[in-house]
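Given next are the chains, with one letter for each unit.
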Amino acid sequence: MGTEIPRSAEISEALLPSESEKNATAAEEHVPEWKEQITIRGLTVSALLGTLFCIITHKLNLTVGIIPSLNVAAGLLGFFFVKSWTGFLSKLGFTVKPFTKQENTVIQTCVVACYGLAFSGGFGSYLIAMDEKTYKLIGADYPGNHAEDVINPGLWWMIGFLFVVSFLGLFSLVPLRKVMVLDYKLTYPSGTATAMLINSFHTNTGAELAGNQVKCLGKYLSLSLIWSCFKWFFSGIGDACGFDNFPTLGLTLFKNTFYFDFSPTYIGCGLICPHIVNCSVLLGAIISWGILWPFVSQHAGDWYPADLGSNDFKGLYGYKVFIAIAIILGDGLYNLVKIIAVTVKEICSSRSRRLNLPIVTDVVDDSEASEILLVKKKRDVVFLKDRIPLEFAVAGYVGLAAISTATIPIIFPPLKWYFVLCSYFIAPALAFCNSYGTGLTDWSLASTYGKIGLFIIASVVGSDGGVIAGLAACGVMMSIVSTAADLMQDFKTGYLTLSSAKSMFVSQLVGTAMGCVIAPLTFWLFWTAFDIGDPNGPYKAPYAVIFREMAILGIEGFAELPKHCLTLCYGFFIAALIVNLLRDITPPKISQFIPIPMAMAVPFYIGAYFAIDMFVGTVILFIWERINRKDADDFAGAVASGLICGDGIWTIPSAILSILRINPPICMYFGPSSAR
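Residues numbered from 1 in each chain as written. Predicted model: local features only at pLDDT ≥ 70, side-chain atom pairs only at ≥ 80, totals over all residues. Heavy atoms only, no water.

Visitor: How do you make sense of the overall build of the chain when you look at a structure like this?
Guide: Helix and strand counts for the chain come out as 27 helices and two strands. On the principal axes, the C-alpha backbone points of the chain span a range of 75 × 55 × 50 Å. The buried share of the chain, taken over its 676 residues, is 58%. Contacts in the chain between residues at least 24 apart in sequence constitute 83% of all its contacts with a sequence separation of at least 6. Roughly 27000 Å² of accessible area belongs to the chain as shown, and the carbon and sulfur atoms make up 66% of that amount. For the chain, the distance from the average site of its 45 positive side-chain charges to the average site of its 49 negative ones is 3 Å. (Helix = DSSP H or I, 4+ residues; strand = E, 2+ residues; numbered from the N terminus. Buried < 20%, exposed > 50% of the residue type's maximum accessible area, 1.4 Å probe, protein only. Contact = heavy atoms within 4.5 Å. Areas by Shrake-Rupley, 256 points an atom, 1.4 Å probe, with all protein chains shown as cover. Lys, Arg positive; Asp, Glu negative; His and termini not counted. Charge placed at Lys NZ, Arg CZ, Asp CG, Glu CD.)

Visitor: Can you help me understand the side chain of Asp-647 in this one?
Guide: By the secondary structure assignment, Asp-647 is in helix H27 (residues 629-659). A distance of 3.0 Å separates polar atoms of two side chains, one belonging to Asp-647 and the other to Lys-59. Once residues lying within four places of it in the same chain are set aside, the contact partners of Asp-647 are Lys-59, Ser-224, Ser-228, Ser-263, Pro-264 and Thr-265. (Polar contact = N/O pair within 3.5 Å; in protein donor to acceptor, adjacent residues only side chain to side chain.)

Visitor: I tried to follow the nonpolar core on my own but got confused; where do I start?
Guide: Side chains that are nonpolar tend, in soluble globular proteins, to be buried together. Judged by nonpolar contacts, the single largest core of 195 residues is most densely connected at Phe-53 and Phe-412. Counting residues per element, this core draws most heavily on helix H20 (residues 466-496), which supplies 18 residues. Each residue touching Phe-412, except ones within four places of it in the same chain, is listed here: Leu-127, Met-130, Ile-151, Trp-157, Phe-161, Ile-468 and Ala-472. (Core = buried A, V, L, I, M, F, W, Y, C linked by side-chain atoms within 4.5 Å.)

Visitor: Is there a simple way to think about the state of the cysteines in this case?
Guide: Tallied over the entire structure, the rule returns one disulfide. Note on cysteine connectivity: Cys-241 is disulfide-linked to Cys-667, with sulfurs 1.9 Å apart. One disulfide, between Cys-241 and Cys-667, carries an S-S torsion of -75 degrees and so falls in the left-handed class. Of the two residues, Cys-241 sits in the loop between helix H11 (204-232) and helix H12 (251-255) while Cys-667 sits in the segment after H27, which places them 426 residues apart along the sequence. With no disulfide of its own, Cys-422 lies closest to Cys-474 among cysteine sulfurs, the gap being 17 Å. Residue classification places Cys-422 among the partly exposed residues on the basis of a relative accessible area of 48%. Take Cys-569: it sits in no disulfide, and the sulfur closest to it among the cysteines is that of Cys-565, at 4.1 Å. (Disulfide = S-S within 2.5 Å.)

Visitor: Would you mind showing me how to read helix H3 (residues 40-63) here?
Guide: In an α-helix there are 3.6 residues to a turn, and that puts residues three or four apart on one side. Across its 24 residues, H3 extends 35 Å between first and last C-alpha, which sits within 8% of the 34 Å expected from 1.5 Å per residue. When you tally the buried positions in H3, you get 18 out of 24 residues, the bulk of the element. Following H3 by one or two positions, Gly-65 has its phi on the positive side, about 85 degrees. (Expected span 1.5 Å × (residues − 1).)

Visitor: How do you make sense of empty space enclosed by the protein when you look at a structure like this?
Guide: In this structure the tally under the stated criterion is five cavities of 30 Å³ or more. Reported here for the second largest cavity is a volume of approximately 90 Å³. Along the wall of the second largest cavity there are 13 residues; nearest its centre are Asn-71, Gln-108, Val-112, Gln-489 and Asp-490. Listed by contribution, the elements that provide at least two residues to the lining of the second largest cavity are helix H5 (101-120), helix H10 (189-201) and H20. Counted by class, the lining of the second largest cavity contains one nonpolar, nine polar and three charged residues. (1 Å grid on protein atoms, 1.4 Å probe; cavity = no way out; pocket = protein on both sides within 12 Å on 5 of 7 lines; lining within 4 Å. Points joined across faces, edges and corners; volume = space filled by probe spheres on them. Nonpolar A, V, L, I, M, F, W, Y, C, P; charged D, E, K, R; others polar.)

Visitor: What should I look at first to understand the packing of aromatic side chains in this one?
Guide: Aromatic ring pairs: the centre-centre distance and the angle between the two ring planes describe each pair. Throughout the structure, instances matching the rule amount to 43 aromatic pairs. With a centroid separation of 4.7 Å and 45 degrees between ring planes, the pair formed by Phe-254 and Tyr-259 is classed as tilted. A relative accessible area of 23% means that Phe-254 is categorised as partly exposed. Ring centres of Phe-526 and Tyr-539 lie 5.7 Å apart, and the angle between their planes is 70 degrees; this geometry places the pair in the edge-to-face category. Placement of the pair is Phe-526 in helix H21 (residues 501-529) and Tyr-539 in the loop between H21 and helix H22 (542-556), with a sequence separation of 13 residues. Of the two residues examined, Phe-526 and Tyr-539, each falls in the buried class. One aromatic cluster is present, formed by Trp-227, Phe-230, Phe-234, Phe-243, Phe-246, Phe-260, Phe-262 and Phe-670 through successive ring pairs. A cation over an aromatic ring shows up here: Arg-177 above the ring of Phe-383, its NZ or CZ 5.1 Å from the ring centre. (Phe/Tyr/Trp six-rings, centres within 6.5 Å; stacked < 30°, edge-to-face > 60°. Lys NZ or Arg CZ within 6 Å of the ring centre and 35° of its normal.)

Visitor: It is not clear to me how the pattern of salt bridges should be interpreted in this structure. Could you clarify?
Guide: For side chains bearing opposite charge, pairing can occur when the charged atoms are close. Tallied over the entire structure, the rule returns eleven salt bridges. Across the pair Asp-647 and Lys-59 runs a salt bridge, and its minimum N-O distance is 3.0 Å. Here Lys-59 lies in helix H3 and Asp-647 lies in helix H27, a separation of 588 residues in the sequence. One exposure class covers both Asp-647 and Lys-59, and it is buried. (Salt bridge = Lys/Arg side-chain N within 4 Å of Asp/Glu carboxyl O.)

Visitor: Explanation requested: unusual backbone geometry in the structure shown.
Guide: A negative phi holds for most residues other than glycine; trans holds for most peptide bonds. Within the chain, His-564 stands out as a residue other than glycine whose phi angle is a positive 70 degrees. Topologically, His-564 is positioned in the loop between H22 and helix H23 (565-585). With a phi close to 60 degrees, Arg-661 is a non-glycine residue in the positive phi region. Note on placement: Arg-661 falls in the segment after H27. In this structure Arg-661 comes out as exposed when scored by relative accessible area, which is 63%.

Visitor: For this particular structure, what's the right way to read H22?
Guide: Taking 1.5 Å of rise per residue, 15 residues should cover 21 Å, and H22 covers 22 Å from first to last C-alpha, within 8% of that figure. Taken across its 15 residues, H22 has 14 buried, putting it largely inside the fold. Among the residues trailing H22, Gly-557 stands out with phi positive, at a value near 75 degrees.

Visitor: Help me understand the packing of H5 against H21 in this model?
Guide: The relative placement of two packed helices comes down to the angle between their axes together with the axis-to-axis distance. Where H5 meets H21, the closest approach of the two axes is 7 Å, and the angle between their N-to-C directions is 35 degrees. The handedness of the crossing between H5 and H21 comes out as right-handed. Together, Thr-105, Val-106, Thr-109, Cys-110, Ala-113, Cys-114, Leu-117 and Ala-118 of H5 and Ser-503, Met-504, Ser-507, Gln-508, Val-510, Gly-511, Thr-512, Met-514, Gly-515, Cys-516, Ile-518 and Ala-519 of H21 make up the contact between the two elements. (Axes fitted to C-alpha atoms, helices over the stretch in contact; angles between N-to-C directions. Left-handed = near helix turned anticlockwise from the far one by under 90°.)

Visitor: When you look at the side chain of Thr-265 in this model, what are you seeing that I'm missing?
Guide: Here Thr-265 lies in helix H13 (residues 264-272). The buried category is assigned to Thr-265, whose relative accessible area is 3%. Excluding anything up to four places from it in sequence, Thr-265 contacts Lys-59, Leu-60, Leu-643, Ile-644 and Asp-647.

Structure follows, in structure tokens:
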């Protein structure tokens, strides 16, 4: 799967209601019944936004694999659409139901659950790693890569697979919602930030700022859409034309993928992602494409045969893939061990009455203390009021596990029923670890748990179907731990917005059901319109090759790697561990400048071009913050969301034109003047 960047929990002060305003209203605020929080208009808006964000997520997942959080954009656009609709009907004289923050929270939850499946559903990783193109790309003669281990994407089986695996995580931890949110007081930083944002929308000052943010988002969405349309006219036939292949830094650097390709999406990602993430991506590009790959290329004929194709795993391509895998595994293993250690430590501390968790606290004077207590009491009452019966959660999990255990072997025959059943026995424990860790650090390690399942099942099944079995097991495990963490995050958001836990659970169920249909349908648009998996095209699906190679590694080990490749892999694996350790043991004033290995790994395989775009975004944001910090805090997210959404919307007409075989009229190509 792609690399999901940790979501920032920072919210501008201007977005937050003042303490006096919050406390004066929250204690006596009327809270709608849970059924009133879920509305037809809200679900309609959720479906529309879910479709848009699924398209954006697929595009990012199939191109570079870096997915920034779109939660703020989901909350902002949900607020805008419903407010616009109610305002329009009011002007026509209709009586409309007031738009509450609880309904806003339901929309947010539904949208995130829907587009989350475009990320965790494996459309850019474990599912597409099963296809024939990835098999051929690795090579029919490659040890462990068998023609029998091929299942091409199919719309109906993908929808069926998502339906049988995506709901279990929602039932696995429901009984622990009180423990996680009220007893342990886990922060869930993104959930808390989202709640603050939604609360602010429904105050007078916050609503005014939200309106300005929506105008800003609309402006940059329009510019991005127009620019993407303009670029299409010059992109010609093939992959060498247009602004996407503009040698902005010269032809020499262009050959090493160092160029600015004028992508609004990647610039928007640079505006959203933290500066250290963008700088880490650029540093990884410089190390790999600026230093390492040119150095390895100089030894062609010695380290590997010089006459190999550019995508042959016995040549330079093998170094790119396996070193990227080594860094990803090193980073994932370190963070997995760290979060499990933190989880165990904090649970032990809580049991010994020495709880030391980061909790949501308010610094107040004595005059406000009683109001704060009243607000907290009301939140507790609302959160616990609509109980989700334990018997329902257990019955739901057992029933869905039984259906899934019977169904998955039909879709993926090598993954026998007893492997699926064993996965469901241990899944709740792993879901708890991941949810607890997410509550502490805001970092979900769902992909890491999935890779562990991949290696174990692939090695146990062996060469007779181990690749398909491992990849499918990865999907089963990843779906459960990911959705469980998302649900707990939503419970935290609901707690802080006085939304019913039952409405949060139902909206997650509805959003997941939407995602089970919308995510495959939007992926199918890409699959039929574009050449997915072409290593020389825009939709490389970089993690498809990486995940299939991981499954093969689980079966065959390191067979027939190029010379010194294994040594380099060991070196970068250890380096990832050391860099992560340094980030944790050094003071914050130093650690904030230490790069993130996971972010560095992405360009090793893909290229440096998107790192340039993201760095442009981070430079724009850095300068903006220096000129006007408050303005940047208020509107950078809106600008970034507009750039990403506009480019994402253009994907739809672009795909339709491609399906109809309507090609761009002009090919803008750049080459050396001596070639003329």
